[in-house]
Amino acid sequence: MKPEIFRQELAKIGIELSDTQMKQFHRYYELLVEWNEKINLTAITDLEEVYLKHFYDSITLAISLDFKNENYSLCDVGSGAGFPSIPIKIVYPNLNISIVDSLNKRIKFLTLLCEELHLENVNLYHDRAEMFGQNKIHREAYDLVTARAVARLNVLSELCIPLVKKGGKFLALKAAKSEEEVIESKKAIAILGGKLVEEVEIVLPFNEDKRYVVVIEKKKETPKKYPRKPGTPNKSPLM
């Protein structure tokens with residue numbers, strides 16, 4: 001997907017990009033490729049692939065919610081190279097973004113990226129998600145929490161739902177639909193105070209790849225023992 005096609009495809013779903021925003025995405029791409037030679041940020045570096053599979057893919061999160069007129073606080077867990085939160089922030093500068101990642105090198109990249117793109121109200125945290133979720137400042141503090149990760153939904157739920165305020169939402173971006181994964185996660189989601197609301201299917205332009213946004217609403221406070229200590233959610237997922 002060439003940059004101008006990227007712009008046209010977003011316009012089809014009601015997202016109009018300014019010239020300034022287009023320049024921000026172009027600079028994002030340049031920095032991503034440059035830093036990817038120093039640290040492993042992504043296996044995808046081809047321009048058209050990045051615009052489709054990273055930029056456009058990230059912004060599809062907005063299809064399930066209206067970000068335009070809301071000053072939501074959004075926390076991105078394990079953001080890596082800034083996906084999905086930085087593309088969303090470029091499109092919706094009104095959002096207050098927090099990113100937590102366990103690798104300091106990635107945080108350094110994101111710090112430079114935010115400076116270069118002149119992004120305001122972006123807070124970056126070098127921390128393990130398990131520790132971050134037990135921090136009183138951040139626990140149950142966010143309107144929205146998102147993760148675009150390969151971990152199973154029951155693991156992601158333990159890392160993310162504790163950060164969501166009551167009435168807020170956890171949005172999990174998944175590359176493949178798995179009824180089995182959703183079913184096995186229902187008990188964990190309930191234990192953590194959430195309720196599965198819907199699973200939104202999105203089809204990427206041109207290649208017809210499908211993406212899924214699993215929407216979980218926070219109904220009650222998460223028990224204090226969750227998330228458990230670092231490594232435990234992966235080793236012993238809630239079932």
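The structure contained in this document is the topic of the report that follows. (Residues numbered from 1 in each chain as written. Predicted model: local features only at pLDDT ≥ 70, side-chain atom pairs only at ≥ 80, totals over all residues. Heavy atoms only, no water.)

Attention shifts here to the packing of aromatic side chains. Considering all chains together, one arrives at 12 aromatic pairs under this definition. Ring geometry for F6 versus Y51: centroids 5.1 Å apart, planes at 80 degrees, classification edge-to-face. Here F6, found in helix α1 (residues 3-12), pairs with Y51, found in helix α3 (residues 47-59); they are 45 residues apart in sequence, far enough to count as distant. A ring pair is formed by Y125 and F132, whose centres lie 5.2 Å apart and whose planes are at 50 degrees; its orientation type is tilted. (Phe/Tyr/Trp six-rings, centres within 6.5 Å; stacked < 30°, edge-to-face > 60°. Helix = DSSP H or I, 4+ residues; strand = E, 2+ residues; numbered from the N terminus.)

Further remarks concern the nonpolar core. Within the largest apolar cluster, 50 residues are counted, with the highest numbers of intra-cluster contacts made by F6, F25, Y28, F55, F67, I86 and F109. Take this core: its biggest share by element is seven residues, from helix α2 (residues 19-36). When sequence neighbours within four positions are dropped, the list of residues in contact with F6 reads M1, L17, M22, F25, Y51, F55, Y56 and I59. Counting residues in each nonpolar core, the second largest holds 26 residues, with V145, L163, F170 and I189 among its members. (Core = buried A, V, L, I, M, F, W, Y, C linked by side-chain atoms within 4.5 Å. Buried < 20%, exposed > 50% of the residue type's maximum accessible area, 1.4 Å probe, protein only. Contact = heavy atoms within 4.5 Å.)

Turning next to the pattern of salt bridges. Per the counting criterion, the structure on display carries 18 salt bridges. Where R7 meets D19, a salt bridge forms, and the shortest distance between an N and an O atom there is 2.8 Å. Of this pair, R7 sits in helix α1 while D19 is found in helix α2, placing the two residues 12 residues apart along the sequence. The closest approach of N and O atoms between E30 and R27, which form a salt bridge, is 3.0 Å. With E30 and R27 both in helix α2, this residue pair falls three residues apart, about one helical turn. Residue E30 is classed as partly exposed on the basis of its relative accessible area of 34%. By relative accessible area, R27 is classed as partly exposed at 25%. (Salt bridge = Lys/Arg side-chain N within 4 Å of Asp/Glu carboxyl O.)

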